[in-house]
Amino acid sequence: MKRFEGILFISDLDGTLMNSEHKLSAENSMAIEYFKENGGLFTFVTGRMPCTSASICEAVRPNAPFGCINGGGIFDHIKNEYLWTLPLSHDVIELVEFADNSINDLGIQVNTFENIYFCKENTQMEIFRRITGLPNLTADYKKINEPIAKILFGDSDPEVITHLAKILTEHPKAYMYDFIRSEPNLYEILPKGSGKGNLIPKLAEIVGVSMDNTIAVGDYYNDISMLKAARIGIAVANACDEAKEAADFVTVSNDEHAIAQIISDIDSGRIYFDK
């Protein structure tokens, strides 16, 4: 039996696997290859859509399907197809319109499973496009007929996002959805029952790994549920306090090759799975 056989390692991307320059370090890359060569399954779970994850897959080369849409989908990058999705009801447009009418100049993005539509422009949406390299595909959010994966709002002022979170979660129909602050300047509406934590058991089942042999690492609020769901949850040193509290361990920061450190700790027995 190979050293890491039967272990499923799931990492968040930005702020965790990637350093502050949004790059995969050589140290992390080499450690991931070592982990895979010795029987481990390595993948990631991200808030991104598959259409914005191609370059990440080329760099990381996961040997298991990856989680996307903050827990709303599982995508097989080899077959280039979804293995599982959880769509939003189109009734969510009522909340989008409410947010649009309540906050001036709020950036609005509608993500379907195949496309990302920029429905209302602002500085944060421009930054988002520049970082992701996405085309400026526009649409009226009331006229999108494709199955919706998630709604994303953005504003360059984090206080606006704080206010948005308050009014959306107090909306009479808020109980129908899940909400997550994926970054200080971004806020998302997701299907009820989604989230990275709910995806982990589905992913483990697909690849044939026991939940007792799962490990997850992350840094932000949207990672908390998966840190709790995995057998071992690890927060990076640069994680928010809430993620650190939810984790079993805190490791080095994303700028100190956290993934390589964790793999080394598993290899040496400093981190181990109870049998």
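Structural data are supplied above this passage.
Residues numbered from 1 in each chain as written. Predicted model: local features only at pLDDT ≥ 70, side-chain atom pairs only at ≥ 80, totals over all residues. Heavy atoms only, no water.

## So, the sheet that holds strand β12 (residues 232–235)
Item 1. Read from one edge of the open sheet, five strands run β2-β1-β11-β12-β13, paired in parallel fashion. On the outer flanks of this sheet lie β2 (41–44) and β13 (249–250), each paired with one strand and no other.
Item 2. Bridge count between strand β1 (residues 8–11) and strand β11 (residues 214–218): four bridges; the pairing is parallel. What sits directly across from Ser11, in β11, is Val217.
Item 3. Along the sheet, helix α9 (residues 258–268) contacts β1, β2, β11 and β12; its crossing angle with β1, the most-contacted strand, is approximately 160°. (Pairing = 2+ DSSP bridges. Helix = DSSP H or I, 4+ residues; strand = E, 2+ residues; numbered from the N terminus. Contact = heavy atoms within 4.5 Å. Axes fitted to C-alpha atoms, helices over the stretch in contact; angles between N-to-C directions.)

## Some points on the side chain of Glu188
Item 1. Within the secondary structure layout, Glu188 lies in strand β10 (residues 186–191).
Item 2. Looking at Glu188, its side chain comes within polar contact range of the side chain of Asn70, at 2.8 Å.
Item 3. In terms of polar contacts, Glu188 uses its side chain to reach the side chain of Ser182, at 2.8 Å.
Item 4. Setting aside its immediate chain neighbours within four residues, Glu188 contacts Asn70, Lys150, Ile151, Leu152, Asp178, Phe179, Ile180 and Ser182. (Polar contact = N/O pair within 3.5 Å; in protein donor to acceptor, adjacent residues only side chain to side chain.)

## Remarks on the pattern of salt bridges
Item 1. The final tally for this structure, using the stated rule, is 14 salt bridges.
Item 2. Taking the shortest distance from any N to any O, the salt bridge between Arg61 and Glu33 comes out at 3.4 Å. On the criterion of sequence distance, the pair formed by Arg61 in the loop between α2 (54–60) and β3 (66–68) and Glu33 in helix α1 (residues 26–37) is long-range, its members being 28 residues apart.
Item 3. When salt bridges that share partners are traced, they join Asp12, Lys196 and Asp223 into one network. (Salt bridge = Lys/Arg side-chain N within 4 Å of Asp/Glu carboxyl O.)

## Overview of the state of the cysteines
In a disulfide, the sulfur atoms of two cysteines are covalently bonded to one another.
Item 1. Counted under the stated rule, the structure contains zero disulfides.
Item 2. Between Cys57, a free cysteine, and Cys68, which holds the nearest cysteine sulfur, the sulfur-to-sulfur gap is 9.8 Å.
Item 3. Take Cys57: its relative accessible area is 12%, and that puts it in the buried class. (Disulfide = S-S within 2.5 Å. Buried < 20%, exposed > 50% of the residue type's maximum accessible area, 1.4 Å probe, protein only.)

## A closer look at the packing of helix α3 (residues 93–102) against helix α5 (residues 158–169)
Item 1. Packing of α3 against α5 brings their axes to within 11 Å, and their N-to-C directions diverge by 135°. Here α3 is positioned oblique relative to α5, judged by the angle of their axes. Handedness of the α3/α5 crossing: right-handed. Residues Leu95, Phe98, Ala99 and Ser102 of α3 form the contact with α5, whose participating residues are Leu164, Ile167 and Leu168.
Item 2. Residues belonging to the contact of α3 with α5 are distributed by class as follows: six nonpolar, one polar and no charged. (Parallel < 35°, antiparallel > 145°, perpendicular 65-115°, else oblique. Left-handed = near helix turned anticlockwise from the far one by under 90°. Nonpolar A, V, L, I, M, F, W, Y, C, P; charged D, E, K, R; others polar.)

## Looking at the packing of α1 against α9
Any two packed helices are characterised by how steeply their axes cross, that is the angle between the axes, and by the distance between the axes.
Item 1. The geometry of α1 relative to α9 is characterised by a closest axis approach of 7 Å and an angle of 35° between their N-to-C directions. The interaxial crossing formed by α1 with α9 has left-handed handedness. Every residue of α9 that contacts α1 at Glu27, Asn28, Ala31, Ile32, Tyr34 and Phe35 is listed here: Ala258, Ile259, Ala260, Ile263 and Asp267.
Item 2. Broken down by class, the residue content of the contact of α1 with α9 amounts to eight nonpolar, one polar and two charged.

## Some points on the nonpolar core
Item 1. If you look at the biggest cluster of nonpolar residues, it comprises 50 residues, and the most contacted ones within it are Phe9 and Ile215.
Item 2. A total of six residues in this core trace back to one element, the largest contributor, which is α9. (Core = buried A, V, L, I, M, F, W, Y, C linked by side-chain atoms within 4.5 Å.)

## Observations regarding the packing of aromatic side chains
Item 1. Tallied over the full model, the rule gives eleven aromatic pairs.
Item 2. Ring geometry for Tyr82 versus Phe113: centroids 5.5 Å apart, planes at 85°, classification edge-to-face. Of the two residues, Tyr82 is situated in strand β5 (residues 81–85) and Phe113 in the loop between β6 (107–112) and β7 (116–120); the sequence distance between them amounts to 31 residues.
Item 3. In textbook terms, an aromatic cluster arises when at least three aromatic residues are bridged by ring pairs, as seen for Phe4, Phe9, Tyr34, Phe35 and Phe42.
Item 4. Sitting over the face of the ring of Phe118, Arg129 holds its NZ or CZ atom 4.8 Å from the ring centroid. (Phe/Tyr/Trp six-rings, centres within 6.5 Å; stacked < 30°, edge-to-face > 60°. Lys NZ or Arg CZ within 6 Å of the ring centre and 35° of its normal.)

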